[in-house]
Structures are given as structure tokens and as C-alpha cells.
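These are the residues of each chain, in order.
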Amino acid sequence: MEALVLGSTLVGDSIWNLLYDLSTIHELQLGNCSLTYINMTVMHRLGRLQHLDLSRNNLSKILDYTFINHVNLVTLLLSHNEISYIESHAFQGLRLINKLDLTGPAFTKFQHLEIVDLRYNNISSLQPYNIKLSPLTTPPPVFYFRGNRFNCDCHLSWMIQCLNRWTDSCKGFEIDEFEFLLCYNGYKIRKYFLIKNAQLENMLSEFGDPCVGICDCCGSLSCICKMSCPANCTCLMSFNHQNGIVDCSNKHINNVTENIPTIAETLYLDGNNLAFIKSAIFSGLYHLKTLYLNRSGIDRVQPDAFVNLTKLEHLYLNENSLSCLDVELLN
């Protein structure tokens, strides 16, 4: 037998038992067959394969040396899976491949590569070094990225720079493809935006992420580089260090005692047990624009609790136990 086509069937992982003895097959199409893994023992016996379609399955990882015996393989389709993990030697042995359709491999060994189709997987982040090419790959292959769920964080800043011709990181890529890529933006309420329209102040990453840690530093704890996130909270910073979000909601906090990072523009303290908002408890948060204190059991707020919050625009105190508010509180 030279070819076996079983696309869009429900054979599942049991198909590997059937394939064990088909060592002479040249073409194998198993697209949309409910596969959850690649049987390496069987794959090593199928060394004569030239075309292999494993797209539209439920594969989550590709292990080292899966294709070590596939020196004749020309086409490998792995798109529309749930691939999130690829080991560094997963594609060792692929010497003649010219169409590779998958998620995030290392491409440095593929000298004959023409097309890399990364569409419609679950890629959330992508860096130029993730798709490093062999210097012998001339001309460079065409890459396709559409249909992935990118996060609008600092790791995508290079794409914006590519679109605006600010960097050489994108040499060898089809820039036209970038024009239509989308990413998730925002916090709590996340929306799709074209990456080319993403603003640096809205590209958020967690504290400690290497791509947001570059800044002029000083000895003070108020320095952006030295800021730490309060325990059990979520802290995000924009790529340009101009926007910060601190989320300490629903953490059973009964007193705001830990230092809130001074970069915070938005602070979530909903769903805690604060009861009494003390005098100047938020002092030092000079950039704070939005403060959430909903459902926190608050029954009293001192008049100068929000002193020095000169940029505060939105204050939320819904569903608390307040019976009155001092007029000076909002001045």
C-alpha cells in the first residue's frame, strides 16, 4: 500500500495499532481523526513517508526525535491542533521538508523550507528567536500566523516595530500577514484588536516579566525596577512603564498594609473585608486613576482617606455598608 486516507473519521488513537505493519506507505492522511498523541514507535517504522497529515486533531505536544527516521518526508501538516509544547529535537531527521504546518518549532535545520503554516492554533506569544531560520534557507520561507490568540503584551512589541519598519527582526517574514493579526488587549474585559493598532501603554505584562524590566533604576523602593507585587495579587505593567494594574480583589484582606506599587493606575480591592478606610491609607499612589472598593464590608471612610490621589477619576464603592459620606471625602 502506498497511500492511506482516513480524514474526518472517528478512528482515534486505535489507528496506531493498524499502522504498525504499514512500513512501506508513502502518504498518510489522518486529519480530523480525534488523535490525542503521536505514537513514536509506529512513527519510527514509517520511514518511507513523504506526505503526512495530522491536522485538526487533539495533539498537545511533539516529543524529541518523533520524526528521526523520516528523511523522505516532504509535507508535514499539524495545524488546528492544541499544540503547546514542542521539544527542541522534535523535528530532527527532517531533511527534505518543504511544507511544514504546525506550531512554534525550531526551524534552523530546514534548508529547503518554503512554507510555515502556523494558522489557527493556540499561540499566545511569538518572538523572532522562536522562528530562527537556517542561514542556508534561501529564499526565506513564507510564514502564516492568522487565527491564533495572541496576547497584547510586551512580547509582541517587535511585531509593531516590524509593521512600522523600526527593526530588522522581521527580515524574511511576509509583513502583509502582520497587517491582519489580532491580539487580546485589556484586563478583566478583554477585546480583540489589530496588533498594528495596539498602543504600548495597553500592552500589559506581569511584574517580573523580562521584557518589562528594562528601566532606569534607583535605590528607592518606589523605583519601577524594584517594585514587588503584594502577596496573592496580580500586578501588570505596560511596555512603556506608563500604566500599571494591581488586582488584590477577593483576597480576604482586612487592612491595606502592604505597599501598593506606586505605578498603579488601576487598583482592585473588591470583595475584601476592609470595613474601615483609614486616613491617607492610599498615600503615595500619585498615578492612581481608578479605585475599586466594591463589596468590601466598608462602613466608615475617614475624610482624608483619599488625600493626595490627585489623578483619581473613578471611585467605586458599590454594595458596602456605608450610611453616609463626608463631603470632604470627594474634594
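Starting afresh in each chain, residues are numbered from 1 along the sequence in its written order. It should be noted that, the model being predicted, local features are given only for residues of pLDDT at least 70 and side-chain atom pairs only at 80 or more, the latter also being counted only at that level, while totals for whole chains, interfaces and linings use all residues. Excluded from the side-chain calculations are hydrogens and water; all other atoms, namely the structure's heavy atoms, are used.

Q: I tried to follow the overall build of the protein on my own but got confused; where do I start?
A: A run of H or I in DSSP counts as a helix once it spans at least four residues, and a run of E counts as a strand once it spans at least two, with each numbered from the N terminus. Scanning the protein for helices and strands turns up four helices and 20 strands. Relative accessibility decides the category of a residue: with a 1.4 Å probe and only protein chains considered, values under 20% of the type maximum give buried, values over 50% give exposed, and everything between is partly exposed. Counting only residues that meet the buried cut, the protein has 44% of its 331 residues in that class. Every residue pair with non-hydrogen atoms within 4.5 Å of one another is taken to be in contact. Once local pairs closer than 6 in sequence are excluded, the contacts in the protein between residues at least 24 apart make up 52%. Using the Shrake-Rupley algorithm and a 1.4 Å probe, accessible areas are obtained, with residue cover drawn only from the displayed protein chains. When the accessible surface of the protein is summed, it comes to about 17,100 Å², and 47% of that surface belongs to carbon and sulfur atoms.

Q: How should I be thinking about the state of the cysteines in this particular structure?
A: As used in these notes, a disulfide is a covalent bond between sulfur atoms, one from each of two cysteines. Cysteine sulfur atoms that come within 2.5 Å of each other are treated as a disulfide pair. Counted under the stated rule, the structure contains three disulfides. Two residues, cysteine 229 and cysteine 235, share a disulfide whose sulfurs are 2.1 Å apart. Taking the sign of the torsion about the S-S bond as the criterion, the disulfide between cysteine 229 and cysteine 235, at about 80 degrees, is right-handed. Of the residues examined, cysteine 229 reaches a relative accessible area of 28% and is grouped as partly exposed.

Q: How should the sheet that holds strand β14 (residues 234-238) be read in this particular structure?
A: Here the rule is simple: two strands pair whenever DSSP picks up at least two bridges between them. With mixed pairing, the six strands of this open sheet are ordered in space as β13-β14-β15-β16-β18-β20. Looking at the sheet topology across the chains shown, the edges are occupied by β13 (204-206) and β20 (314-316). For this sheet, the mean inter-axis angle between neighbouring strands, taken without regard to orientation, is 15 degrees. Inspection of the sheet shows strand β18 (residues 290-292) paired to β20 by three bridges, in the parallel sense. For threonine 290, the partnering residue across the bridge sits in β20 and is histidine 314. Fitted lines through C-alpha atoms give the axes, limited to the stretch in contact for helices. The angle between two N-to-C directions lies from 0 to 180 degrees.

Q: I would appreciate a short explanation of the pairing of strand β12 (residues 191-194) in the present structure.
A: Successive side chains on a regular strand alternate, one facing one side of the sheet and the next facing the other. The sheet contact formed by strand β11 (residues 182-185) and β12 spans four bridges and is antiparallel. Each residue of the ladder has a partner; that of leucine 182, found in β12, is leucine 194. A loop of five residues connects β11 with β12, the two strands running antiparallel in sequence, and glycine 186 in this loop sits at a positive phi of about 95 degrees.

Q: Before we go on, may I ask you to explain the sheet that holds β12 in this structure?
A: Across a sheet, strands are paired by hydrogen bonds formed along the backbone, either parallel or antiparallel in direction. Pairing within the open sheet is mixed, and its three strands lie in the order β10-β11-β12. Where the open sheet ends on each side, the last strands, each with one partner, are β10 (150-151) and β12.

Q: Got a minute to help me understand the pattern of salt bridges in this structure?
A: Two side chains that carry opposite charge are able to pair once their charged atoms sit near each other. A carboxyl oxygen of Asp or Glu within 4 Å of a side-chain nitrogen of Lys or Arg is what we treat as a salt bridge. In total, this model carries one salt bridge according to the counting rule given. Salt-bridge contacts for aspartate 247 lead to lysine 188; the nearest nitrogen and oxygen are separated by 3.2 Å. Highlighted residues: aspartate 247 in strand β15 (residues 244-247) and lysine 188 in the loop between β11 and β12, separated in sequence by 59 residues. Given the relative accessible area of 49%, lysine 188 is considered partly exposed.

Q: So what exactly am I meant to see when it comes to the packing of aromatic side chains here?
A: For any pair of aromatic rings, the description consists of the separation of the ring centres together with the inter-plane angle of the planes. Here a Phe, Tyr or Trp ring, Trp counted by its six-membered ring, pairs with any other such ring whose centre lies within 6.5 Å, and the pair is stacked when the planes are under 30 degrees apart, edge-to-face when over 60, and tilted otherwise. Summed over all chains, the structure comprises seven aromatic pairs. For the pair phenylalanine 282 and phenylalanine 306, a centre-to-centre distance of 5.9 Å together with 10 degrees between the ring planes defines the contact as stacked. Of this pair, phenylalanine 282 sits in the loop between β17 (276-277) and β18 while phenylalanine 306 sits in the loop between β19 (300-301) and β20, placing them 24 residues apart in sequence. Each member of the pair phenylalanine 282 and phenylalanine 306 is classed as buried. Taken together, the ring pairs connect Tyr187, Tyr268, Tyr292 and Tyr316 into an aromatic cluster. As a reminder, the over-ring test applies to NZ of lysine and CZ of arginine, requiring each to be within 6 Å of the ring centre and within 35 degrees of the ring normal. One residue, lysine 188, lies across the ring of tyrosine 268, its end atom 4.9 Å from the ring centre. For arginine 300, the ring lying beneath its charged end belongs to phenylalanine 276, and the centroid distance is 4.0 Å.

Q: Quick question: what am I supposed to make of the environment of cysteine 235 here?
A: With respect to the helices and strands, cysteine 235 occurs in strand β14. Sequence separation between cysteine 235 and isoleucine 260 is 25 residues; the distance between their C-alpha atoms is 9.7 Å. Discounting residues that sit within four places of it in the chain, cysteine 235 has contacts with Ser205, Glu206, Phe207, Cys229, Pro230, Ile245 and Val246.

Q: It is not clear to me how the pairing of β11 should be interpreted in this structure. Could you clarify?
A: With burial as the criterion, only one face of β11 is covered, namely that bearing Cys183 and Asn185; the residues Leu182 and Tyr184 on the opposite face remain uncovered. By the bridge criterion, two bridges tie β10 to β11 in an arrangement that is parallel. Directly across from phenylalanine 150, in β11, lies its bridge partner cysteine 183.

Q: Before we go on, may I ask you to explain the environment of lysine 196 in this structure?
A: Relative to the helices and strands, lysine 196 resides in the loop between β12 and β13. A C-alpha to C-alpha distance of 8.1 Å links lysine 196 and phenylalanine 180, two positions 16 residues apart in sequence. Once residues lying within four places of it in the same chain are set aside, the contact partners of lysine 196 are Leu163 and Glu179.

Q: How do you make sense of the confidence of the model for the protein when you look at a structure like this?
A: The predicted structure's coordinates, where accompanied by low pLDDT, should not be read in detail. pLDDT runs from 0 to 100 and stands for how confident the predictor is about each residue. Looking at the protein, the pLDDT average stands at 81 and 81% of residues meet or exceed 70. Within the model, the stretch residues 216-222 combines pLDDT values under 50 with twelve contacts to residues more than four positions away or in other chains.

Q: Just to check I follow, could you spell out the side chain of aspartate 247 for this structure?
A: Given the relative accessible area of 6%, aspartate 247 is considered buried. A polar side-chain atom of aspartate 247 sits 2.6 Å from a polar atom in the side chain of tyrosine 187. A polar contact of 3.2 Å, which involves the side chain of aspartate 247, links it to the side chain of lysine 188. With residues near it in sequence (within four places) discarded, aspartate 247 still touches Tyr187, Lys188, Cys233, Thr234 and Tyr268. In protein, a polar contact means a hydrogen-donor-capable atom and an acceptor-capable atom, both N or O and within 3.5 Å, with residues adjacent in sequence counting only if both atoms are side-chain atoms; elsewhere, any N or O pair within 3.5 Å suffices.

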